[in-house]
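# Notes for the structure review
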Amino acid sequence: MEKATLGGGCFWCLEAVYENAKGVLDVVSGYAGGTTPNPDYRSVCSGATGHAEVVQITYDPEVVSYDDLLDIFWDIHDPTTPNRQGADVGTQYRSIILYHDEAQKKAAYASKERAQARFSAPIVTEIVPLEKFWPAEEYHQDYFRKNPYQGYCQAVVAPKVEKFKAKHKGWVK
C-alpha cells in the first residue's frame, strides 16, 4: 500500500470523493504543510499555523495509480485560486500536493503540467515535501458519510462527489 497527501479546500470534500474511488483503502482528514506541532482545527482556521486542510489517502497502486489520484484531484477543486475554494477563504484552504518521495514529486510536477491545459488561469498548487501529517479531530473523520444532510455537505460536498462520479465513472467503487 502507498500513501498520497493532498489539499484542495475543505478536507471534508476531498475525503468524501476519495472514499468513493476504487483502490482507495482509507482516507484520513488532517493538517500538513505548516510549522505548528499538534495543530487543531481552531488553530489551523486562524491561519497562524501555516497548515492546510489535507487528506492522507492510503491506496493500492495495483488498482489505482498516484497519477490517477492526481487526475481526480485536478477535477474536484479549483487549483487556480490561491488560498480559497468557493466561499472557504484562508491559507488553510490552499491547493497543495505534499509528496512522500522523489517519484511522487516528479509525478506531481508532470501531472500539474498536463492539467494546466484544462484551465485558462495558471495553476497555483504548491508541490512540497510532506514533513509531517497530523490527523484532524475525530469528529472530522468520515464527516460526509456521517452527516450527509448537514447544510455544508448538501451545498458543497455532495456536488463534488457527484462531479467525481460523473466525470470518473470508471474509478467509482
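The structure this text deals with has already been given above.
Attention here is on the structure that accompanies the text. Along each chain, numbering runs from 1 in the same order as the chain's sequence is written. At least 70 in pLDDT is required for a residue's local features to be given in this predicted model, at least 80 for side-chain atom pairs to be given and counted, and no such filter applies to totals for whole chains, interfaces and linings, which use all residues. Side-chain metrics in this entry use all non-hydrogen atoms of the structure; hydrogen atoms and water are not considered.

### Overview of the nonpolar core
Rules: Note on terminology: a nonpolar core comprises buried Ala, Val, Leu, Ile, Met, Phe, Trp, Tyr and Cys residues joined through side-chain atoms within 4.5 Å. Each residue gets one of three labels from its accessible area relative to the maximum for its type: buried under 20%, exposed over 50%, partly exposed in between, using a 1.4 Å probe on protein chains only. Here a helix means four or more residues in a row that DSSP labels H or I, a strand means two or more in a row labelled E, and each is numbered from the N terminus. Contacts were defined at the residue level, with two residues in contact if any of their heavy atoms lie within 4.5 Å.
Among the nonpolar cores identified, the biggest contains 44 residues, and Y18, I57 and I97 are the most heavily contacted of them. Looking at this core element by element, the count peaks at 7 residues for helix α1 (residues 11–18). The contact partners of I57, leaving out residues within four places of it in the chain, are E2, K3, A4, L6, Y18, V24, D26, V27 and L69. Counting 6 residues, the second largest nonpolar core, distinct from the first, contains A32, A52, V54 and F133.

### Considering the packing of aromatic side chains
Definition in use: Only rings of Phe, Tyr and Trp enter the pairing, Trp through its six-membered ring, and a pair is recorded when the two centres are within 6.5 Å. The plane angle decides the type: under 30 degrees is stacked, over 60 is edge-to-face, the rest tilted. Remark: a charge is flagged as sitting over a ring if the NZ atom of Lys or the CZ atom of Arg is within 6 Å of the ring centre and within 35 degrees of the ring normal.
This model, assessed by the stated rule, comprises 5 aromatic pairs. Between F11 and Y31 the ring centres are 5.7 Å apart and the planes differ by 50°, which places this aromatic pair in the tilted class. In this pair, F11 sits in helix α1 while Y31 sits in strand β2 (residues 24–32), placing the two residues 20 residues apart along the sequence. Exposure remark for Y31: the relative accessible area of 0% places this residue in the buried category. With centroids separated by 6.5 Å and ring planes inclined at 35°, the aromatic side chains of F11 and Y41 adopt a geometry described as tilted. Highlighted residues: F11 in helix α1 and Y41 in helix α2 (residues 41–45), separated in sequence by 30 residues. Relative accessible area serves as the criterion here: at 1%, F11 is assigned to the buried category. The partly exposed category is assigned to Y41, whose relative accessible area is 25%. Aromatic rings pair up to connect F11, Y31 and Y41 into one cluster. We note K132 situated over the ring of W134; from NZ or CZ to the ring centre the distance is 4.8 Å.

### Description of α1
Of all 8 residues in α1, 8 are buried, a share of seventy percent or more. Along α1, the residues classified as buried are F11, W12, C13, L14, E15, A16, V17 and Y18.

### Here's the deal with unusual backbone geometry
Despite not being glycine, N38 has its phi angle at roughly 50°, a positive value. Along the polypeptide, N38 turns up in the loop between β2 and α2. N38 gets classed as exposed once you look at its relative accessible area, which sits at 60%. For N83, which is not a glycine, the phi torsion comes out positive at approximately 55°. Tracing the chain through its elements places N83 in the loop between α3 (66–75) and β4 (84–85).

### A few points about the pairing of strand β1 (residues 2–8)
Here is the rule we go by: Pairing between two strands is assigned when DSSP locates at least 2 bridges connecting them.
Across the 7 residues that make up β1, a large majority, 5, are buried. Examined bridge by bridge, β1 and strand β3 (residues 52–59) share 5 bridges and lie antiparallel to one another. In the sheet register, E2 faces β3, and the bridge partner there is Y59. One ladder, built from 4 bridges, connects β1 with strand β6 (residues 95–99); its direction is antiparallel. Of the residues in β6, the one forming a bridge with G8 is S95.

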